[in-house]
Amino acid sequence: MPTDSIPATLIPGDGIGPEIVAATLEALDALGVSFEWDVQSAGASGVRAAGDPLPPATLSSIRRTRLALKGPLETPSGGGYRSSNVRLREEFKLYANLRPSRTLVPGGRYEDIDLVVVRENNEGLYMGYEHFIPIDDDPHAVAMSTGVNTRQGSRRLLEFAFEYAIAKGRKKITVVHKANILKALTGIFLETAQDLYQRKYRDRIAMDDVIVDACAMKLVLDPWQFDVLVTTNLFGDILSDEIAGLVGGLGMAPGANIGLDAAIFEAVHGSAPDIAGKGVANPVALMLAAAMMLDHCKRPVEASRLRDAISKTLNVDGVRTGDLRGRASTAEFTRAVVSRIRSA
Ligand code: NAD
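Residues numbered from 1 in each chain as written. Predicted model: local features only at pLDDT ≥ 70, side-chain atom pairs only at ≥ 80, totals over all residues. Heavy atoms only, no water.

1. Concerning the sheet that holds strand β8 (residues 172-177)
Thinking step 1. The sheet built from 10 strands is open, its strands ordered β2-β1-β3-β12-β11-β4-β5-β10-β8-β9 with mixed pairing. Because the sheet does not close on itself, it has two edges, and the strands there are β2 (35-39) and β9 (206-211). Strand after strand, the sheet turns through a mean of 25 degrees between neighbouring axes, direction not considered.
Thinking step 2. Packed on one face of the sheet, helix α3 (residues 56-65) meets β1 (6-11), β2, β3 (67-70) and β12 (263-267) and runs near 155 degrees to β1. (Pairing = 2+ DSSP bridges. Helix = DSSP H or I, 4+ residues; strand = E, 2+ residues; numbered from the N terminus. Axes fitted to C-alpha atoms, helices over the stretch in contact; angles between N-to-C directions. Contact = heavy atoms within 4.5 Å.)

So this is what it looks like as structure tokens:
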């Protein structure tokens, strides 16, 4: 084993997960970065392999490596097991979900998009404090859900967002909330942001705030008015998919879950069951997540080489998968990225 090899957990995941993970590993191999992968399962493949959507072996692997690259994990809608993604974020206190979106392919509906969503990842409505109240013969007559946002959790995430934005030379942070209606649940997030800004950041970066529904509309009309958006769990999940749509779709949007005990890198998209096994998935989102992982591991040169190879493959070679109106299969696109990395 080379001395600079980086121990990391690898979760191929469900649906298109194994296809895009294999593609990403080929690109990482071509870069010559040596990861010592510990392959583990989760989600529906965890149930199949170990009878558990989050097997103890997967948890102990991440506890050891504190670093993971993860394919998407299937979660049944309605009933069934609780999301393994949410459980991983809780287990390793991955409180910050960083989701950058940049235009990589010019000529789409929007040019020059460069936005980052920093999403609170452990609190809000995703805590899943939910239950039904039966009435007469209807066991689901009433559905109840309790969201929880704490001062400490909001402050921790907001500090991460401010420090990230300043370190990256960003100009403005926009706090997205619904404090006009959910006055306590999202009011605490806005109030904490305003207090933190006045005490610590007002001389270092601009800050404003916007109500989430107006934000969704403004993103479509004029996305360039935003820079870094910081928000609570549910709003961040929805807005980051919307923003992925501005840069060509979910195949282009990476994400990092950063926390006290570990960091897990993944695509924003899910397991795409409609195209799984067809060899047509776009691996760019996961490759860009791997570039974020390289930055996290203090390998910025390799991270830039990977981003550069992806951009040249898309734009100079014109090799694109079907979601970008190209004809390349996942394997063809991956071969083109690998040859760009090797020829750089
Ligand atoms: P999805 O993101 O899997 O798919 C939405 C649409 O985008 C589909 O048409 C799909 O084909 C397309 N798409 C997604 N990724 C693509 C790619 N790389 N290349 C080309 N096209 C791509 O969302 P969904 O269908 O709502 O969810 C499917 C499953 O994924 C669900 O079980 C959901 O819970 C899970 N999910 C997991 C994660 C995660 O692991 N982080 C995130 C979101 C959804």
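2. Things to note about the nonpolar core
Thinking step 1. Ranked by size, the top nonpolar core spans 86 residues in total, and within it Phe35, Phe265 and Leu306 carry the most contacts.
Thinking step 2. In terms of residues, this core owes the most to one element, helix α9 (residues 284-296), which gives 10 residues.
Thinking step 3. Mapping this core onto the domain boundaries places at least three of its residues in each of domain 1 (1-99 + 250-344) and domain 2 (114-246).
Thinking step 4. Not counting chain neighbours up to four residues away, the residues in contact with phenylalanine 265 comprise Leu67, Ala68, Leu69, Lys70, Gly255, Ala256, Ile258, Ala289, Met292, Met293 and His296.
Thinking step 5. Grouped together as the second largest cluster of nonpolar side chains are 12 residues, Leu59, Ile62, Leu73 and Phe92 included. (Core = buried A, V, L, I, M, F, W, Y, C linked by side-chain atoms within 4.5 Å. Buried < 20%, exposed > 50% of the residue type's maximum accessible area, 1.4 Å probe, protein only. Domains from an automatic or database assignment.)

3. Let's talk about the site of the ligand
Thinking step 1. Surrounding the ligand, one finds 21 residues, the nearest of these being Leu73, Gly270, Ala272, Asp274 and Asn282.
Thinking step 2. Asparagine 282 has a polar backbone atom sitting 2.9 Å from a nitrogen atom of the ligand.
Thinking step 3. Contact with the protein chains hides 69% of the accessible area of the ligand, taken as 820 Å² for the molecule alone. (Near = heavy atom within 4 Å. Polar contact = N/O pair within 3.5 Å; in protein donor to acceptor, adjacent residues only side chain to side chain. Areas by Shrake-Rupley, 256 points an atom, 1.4 Å probe, with all protein chains shown as cover.)

4. Some remarks on α9
Thinking step 1. With 13 residues, α9 should reach 18 Å at 1.5 Å per residue; the first-to-last C-alpha distance of 18 Å fits that figure.
Thinking step 2. The element α9 is largely enclosed, with a buried count of 11 among its 13 residues.
Thinking step 3. For α9, the set of buried residues is Val284, Ala285, Leu286, Met287, Leu288, Ala289, Ala290, Ala291, Met292, Met293 and Leu294.
Thinking step 4. Positioned one or two residues after α9, lysine 298 has a phi angle of 60 degrees, which is positive. (Expected span 1.5 Å × (residues − 1).)

5. Here's the deal with empty space enclosed by the protein
Thinking step 1. The tally for this structure, following the rule as stated, stands at 2 cavities of 30 Å³ or more.
Thinking step 2. Size it by volume and the largest cavity reaches roughly 50 Å³.
Thinking step 3. Every residue along the wall of the largest cavity is listed here: Val86, Arg89, Glu90, Arg119, Asn121, Asn122, Glu123, Tyr126, Met127 and Asn233.
Thinking step 4. Of all the secondary structure elements, the ones that give two or more residues to the lining of the largest cavity are α4 (84-91) and β6 (124-135).
Thinking step 5. Tallied by class, residues from the lining of the largest cavity come to 3 nonpolar, 3 polar and 4 charged.
Thinking step 6. Shared between two domains, the lining of the largest cavity takes at least three residues from each, and those domains are domain 1 (1-99 + 250-344) and domain 2 (114-246).
Thinking step 7. What the second largest cavity holds in volume is close to 30 Å³.
Thinking step 8. As for the second largest cavity, its lining consists of Lys70, Asn85, Leu88, Arg89, Leu94, Asn257, Ile264 and Glu266.
Thinking step 9. If you list the elements that add at least two residues to the lining of the second largest cavity, you get α4 and β12.
Thinking step 10. Element by element, the count of residues in the lining of the second largest cavity is highest for α4, at 3 residues.
Thinking step 11. Here the lining of the second largest cavity is composed, by residue class, of 3 nonpolar, 2 polar and 3 charged. (1 Å grid on protein atoms, 1.4 Å probe; cavity = no way out; pocket = protein on both sides within 12 Å on 5 of 7 lines; lining within 4 Å. Points joined across faces, edges and corners; volume = space filled by probe spheres on them. Nonpolar A, V, L, I, M, F, W, Y, C, P; charged D, E, K, R; others polar.)

6. Considerations on the domain arrangement of the protein chain
Interfaces are often sized by the amount of accessible area the parts lose when they come together.
Thinking step 1. Segmentation of the protein chain into domains returns domain 1 (1-99 + 250-344) and domain 2 (114-246).
Thinking step 2. Domain 1 and domain 2 are separated by 25 Å when their C-alpha centres are compared.
Thinking step 3. With 17 residues of domain 1 in contact, the opposing surface of domain 2 contributes 20 residues.
Thinking step 4. Between domain 1 and domain 2 the total buried area reaches about 1,600 Å² when both faces are included, carbon and sulfur atoms providing 52% of it.
Thinking step 5. Three residues, Tyr95, Leu98 and Arg99, lead the burial of domain 1 against domain 2; their summed loss comes to 45% of the area buried on that side.
Thinking step 6. At the junction of domain 1 with domain 2, the criterion picks out 1 salt bridge.
Thinking step 7. Ranked by residue count, the leading element in the side of domain 1 that touches domain 2 is strand β4 (residues 96-102), at 4 residues. (Buried area = accessible area lost by both parts, 1.4 Å probe. Salt bridge = Lys/Arg side-chain N within 4 Å of Asp/Glu carboxyl O.)

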